[in-house]
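Commentary on secondary and tertiary structure
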Amino acid sequence: MRTVSSDGPSGGDSSDNNASATVTSRCDDGRRLLSSSYKIFKHPADVGDRFVAFLLRNERTMSALHGHVLADHLPGSQGPNNDSKKQQTRAVASIEIDAFQLISLDPVLGNLTLRYPDTLLELLEDATIEARKVLRRRMEVALDNSLKQMKNKSEQGKSYDQKEMENMSQLLHALKRNREGYEPKPLHARLTRLPPHMQFCKSSLSSIVAADVGTVVQICGT
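Being a predicted model, the structure only gives us computed values, none of them experimental.

Once that is clear, we can look at helix H8 (residues 162-177). For H8, which comprises 16 residues, the first-to-last C-alpha distance of 22 Å matches the rise-based estimate of 22 Å (1.5 Å per residue) to within 8%. Turning to H8, its buried residues are Met165, Met168, Leu171, Leu172, Ala174 and Leu175. For H8, the secondary structure elements touched by its buried residues are helix H3 (59-73) and helix H7 (117-155). A distance of 2.8 Å separates the backbone nitrogen of Lys163 from a side-chain oxygen at the start of H8, and that oxygen is part of Asp161.

Below you can see the structure in the form of structure tokens.
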């Protein structure tokens, strides 16, 4: 069972005909979501690919993953695969997943994640590995191109901060050095901003019962 403490945003009401039609449409969409099943995915890899897509489309998660990639490659760091102490630290590292954003960007995947958290959150955590590998490749390409452009412009008389260029070169070298051996550990996914629904909301810790084991709940008002 996973718990979060923040409440999700609430929507507004409208009484005109167009708004009523919109509400009806949303109710139909909601029914389809509630009847959806993880069986719509042909293979677990399909779920992983959609989680990777979400992690790289959402600005907040991408920024967090970018920070982890930098931490693995910054000068003075030996990367995620050095000693046992470092490996243990990486193993317990976590990332916040905004459930409201997940549902907004991929409604089916978000709904199924809340319905089957034990299964899908593990796939989400595994997806943080591939997402960081994708970001590492993007960072390597971007740094390589930037340094080439800066070098060309320097030859044309434009000046750049040498310390900045040295730092960029060191990071690029580290990224290239770990190109084949970069195997970060999965990040623990911590869900925040669950939908304001009675299924997920509990008034207090004492209101959690045996039936809630294996589900996602949030403690309201804390």
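The next thing to look at is the environment of Thr128. On the secondary structure map, Thr128 appears in helix H7. A relative accessible area of 1% means that Thr128 is categorised as buried. C-alpha separation for the pair Thr128 and Thr61, spaced 67 residues apart in sequence, amounts to 9.6 Å. In this structure the side chain of Thr128 is engaged in a polar contact, spanning 2.5 Å, whose partner is the backbone oxygen of Glu125.

With that settled, consider the nonpolar core. Residues Phe51, Leu55, Leu65, Ile97 and Leu124 are the most contacted members of the largest nonpolar core, which totals 38 residues. Among the secondary structure elements, those contributing two or more residues to this core are helix H2 (44-57), H3, strand S2 (94-98), helix H5 (99-105), helix H6 (107-115), H7, H8 and strand S3 (188-192). When residues in this core are grouped by element, the largest group, eleven residues, is from H7. Each residue touching Leu65, except ones within four places of it in the same chain, is listed here: Leu55, Ile95, Thr128, Ala131, Arg132, Leu135 and Leu187.

Turning our attention to the environment of Val52. Within the secondary structure, Val52 sits in helix H2. The class of Val52 is buried, set by a relative accessible area of 11%. Val52 sits 73 residues away from Glu125 along the chain, and the two C-alpha atoms are 9.8 Å apart. Filtering out sequence-adjacent residues up to four positions away, Val52 remains in contact with Ala127, Glu130 and Ala131.

This part takes up the packing of H7 against H8. Relative to each other, H7 and H8 sit at 140°, their axes nearing to 10 Å. Taken together, H7 and H8 sit at an angle that is classed as oblique. Relative to H8, H7 is oriented so that their crossing is left-handed. Along its contact with H7, which presents Arg136, Met139, Glu140, Leu143, Asp144, Ser146, Leu147 and Met150, the element H8 presents Met165, Met168, Ser169, Leu171, Leu172, Leu175 and Lys176. Counted by class, the contact of H7 with H8 contains nine nonpolar, two polar and four charged residues.

Summed over the entire model, instances satisfying the criterion amount to nine salt bridges. Across the pair Arg137 and Glu130 runs a salt bridge whose closest N-O atoms are separated by 3.7 Å. According to the relative accessible area criterion, Arg137 is partly exposed, its value standing at 42%. We note a salt bridge from Lys148 to Asp144, for which the minimum N-O separation is 3.5 Å. Taken together, the residues Lys148 and Asp144, both in helix H7 and four residues apart, mark about one turn of the helix. One network of salt bridges, in which partners are shared, links Arg60, Glu96 and Arg190.

Any segment with low pLDDT has predicted coordinates that should not be analysed in fine detail. For the protein chain, per-residue confidence averages 76 on the pLDDT scale, and residues scoring 70 or more make up 62% of the total. Summarising per-element confidence for the protein chain, the mean pLDDT is lowest in helix H4 (residues 84-91) (44) and highest in S2 (94). Here residues 21-30 scores under 50 on pLDDT; set against residues more than four positions off or in separate chains, the count is zero contacts. Note that residues 78-91 has pLDDT below 50 and, in this model, 20 contacts with residues that lie over four places away or in other chains.

Each value, and the rule that gives it
- Residues numbered from 1 in each chain as written.
- Predicted model: local features only at pLDDT ≥ 70, side-chain atom pairs only at ≥ 80, totals over all residues.
- Heavy atoms only, no water.
- Helix = DSSP H or I, 4+ residues; strand = E, 2+ residues; numbered from the N terminus.
- Expected span 1.5 Å × (residues − 1).
- Buried < 20%, exposed > 50% of the residue type's maximum accessible area, 1.4 Å probe, protein only.
- Contact = heavy atoms within 4.5 Å.
- Polar contact = N/O pair within 3.5 Å; in protein donor to acceptor, adjacent residues only side chain to side chain.
- Core = buried A, V, L, I, M, F, W, Y, C linked by side-chain atoms within 4.5 Å.
- Axes fitted to C-alpha atoms, helices over the stretch in contact; angles between N-to-C directions.
- Parallel < 35°, antiparallel > 145°, perpendicular 65-115°, else oblique.
- Left-handed = near helix turned anticlockwise from the far one by under 90°.
- Nonpolar A, V, L, I, M, F, W, Y, C, P; charged D, E, K, R; others polar.
- Salt bridge = Lys/Arg side-chain N within 4 Å of Asp/Glu carboxyl O.
- pLDDT = per-residue confidence, 0-100.

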